[in-house]
Amino acid sequence: IVTAQRKEESLQKAAIAIDAVSGADLGSRGITNALDITKAVPALSVPANGGNIASIFIRGVGNITTSSYNDPAVAPNYDGVVLGRGGGVFGAAFYDLSRVEVLKGPQGILYGRNATGGAVNIIPARPEIGRNSAGFNLSYGNFDAVDADAHVNLGVSETSALRLGATYTTRDGYNR
């Protein structure tokens, strides 16, 4: 199920070019940040500009946004909110997500003027009513790198639920 056209529909019946990657697939592929989504979605490119400003290209269409004053040609969205710049999303960690949807081609009707190349929708996991659950991921790497994330879903009552998610990332430097 995707919400690329602002309504829930089957990915197979959506009348647009779209790639969707579920949260479970993100975890199994080892995709822990937004820059790694290029490993799962063909025709998506995020060149490394340095700093927290990201340029997003879909099918070769995009703007080189080396300044925060430039408008992107691919609209990044988090939970239905269009973000003015891609740096906030593409510098952040990926954890506790329901799915990531990449819409290819012009999406100006639904996502505004900054979607001439397409749109990237990041959909977080929703609280589940009547269900208590928890989960975590932990990894350790070279230079004492530690990546941890966890989530807790609490079914508070028959009509409400609460979901909390957190992440922690650290790594020692290369030099002393």
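See the structure printed just above.
Residues numbered from 1 in each chain as written. Predicted model: local features only at pLDDT ≥ 70, side-chain atom pairs only at ≥ 80, totals over all residues. Heavy atoms only, no water.

Enquirer: I tried to follow the pattern of salt bridges on my own but got confused; where do I start?
Expert: If the charged atoms of two oppositely charged side chains come close together, the side chains can form a pair. Applying the stated criterion to the full structure yields six salt bridges. Lysine 39 is paired through a salt bridge with aspartate 36; the nearest N and O atoms lie 3.7 Å apart. Between arginine 131 and glutamate 128 there is a salt bridge; the shortest N-O distance is 2.8 Å. (Salt bridge = Lys/Arg side-chain N within 4 Å of Asp/Glu carboxyl O.)

Enquirer: Whenever I open this one, the sheet that holds strand β9 (residues 145–154) confuses me. Can you help?
Expert: Pairing between the strands of a sheet comes from backbone hydrogen bonds, and it takes one of two forms, parallel or antiparallel. Taken together, three strands build an open sheet; the order of strands is β8-β9-β10 and the sheet is antiparallel. The open sheet terminates on both sides in strands that have one partner only, identified here as β8 (133–141) and β10 (162–170). For this sheet the average axis-to-axis angle between neighbouring strands, irrespective of direction, equals 5°. (Pairing = 2+ DSSP bridges. Helix = DSSP H or I, 4+ residues; strand = E, 2+ residues; numbered from the N terminus. Axes fitted to C-alpha atoms, helices over the stretch in contact; angles between N-to-C directions.)

Enquirer: Can you help me understand the nonpolar core in this one?
Expert: One broad trend across soluble globular proteins is that nonpolar side chains are buried collectively. Counting 17 residues, the largest nonpolar core has Leu26, Ile37, Leu44, Phe94, Val100, Val102 and Val120 as its most contacted members. Of all the secondary-structure elements, those providing two or more residues to this core are β6 (97–104) and β7 (118–124). Counting residues per element, this core draws most heavily on β6, which supplies three residues. With residues up to four places along the chain from it excluded, the contact list for valine 100 reads Asp19, Ala20, Val21, Leu26, Ile37, Phe94, Val120 and Asn121. (Core = buried A, V, L, I, M, F, W, Y, C linked by side-chain atoms within 4.5 Å. Buried < 20%, exposed > 50% of the residue type's maximum accessible area, 1.4 Å probe, protein only. Contact = heavy atoms within 4.5 Å.)

Enquirer: When you look at the side chain of serine 133 in this model, what are you seeing that I'm missing?
Expert: By the secondary structure assignment, serine 133 is in strand β8. In this structure, serine 133 is in contact with His151, Val152 and Asn153, ignoring residues within four places of it in sequence.

Enquirer: What is the right way to read unusual backbone geometry from this model?
Expert: A negative phi angle characterises most non-glycine residues, just as the trans form characterises most peptide bonds. In this structure, alanine 43 is a non-glycine residue whose phi angle is positive, near 75°. For alanine 43, the location among the structural elements is in the loop between α1 (23–28) and β2 (44–45). A relative accessible area of 40% places alanine 43 in the partly exposed class. We note that aspartate 144 has phi near 55°; this positive angle belongs to a residue other than glycine. Looking at the element boundaries, aspartate 144 is found in the loop between β8 and β9. Look at aspartate 144 and you get partly exposed, because its relative accessible area is 38%.

Geometry only, nothing functional implied.
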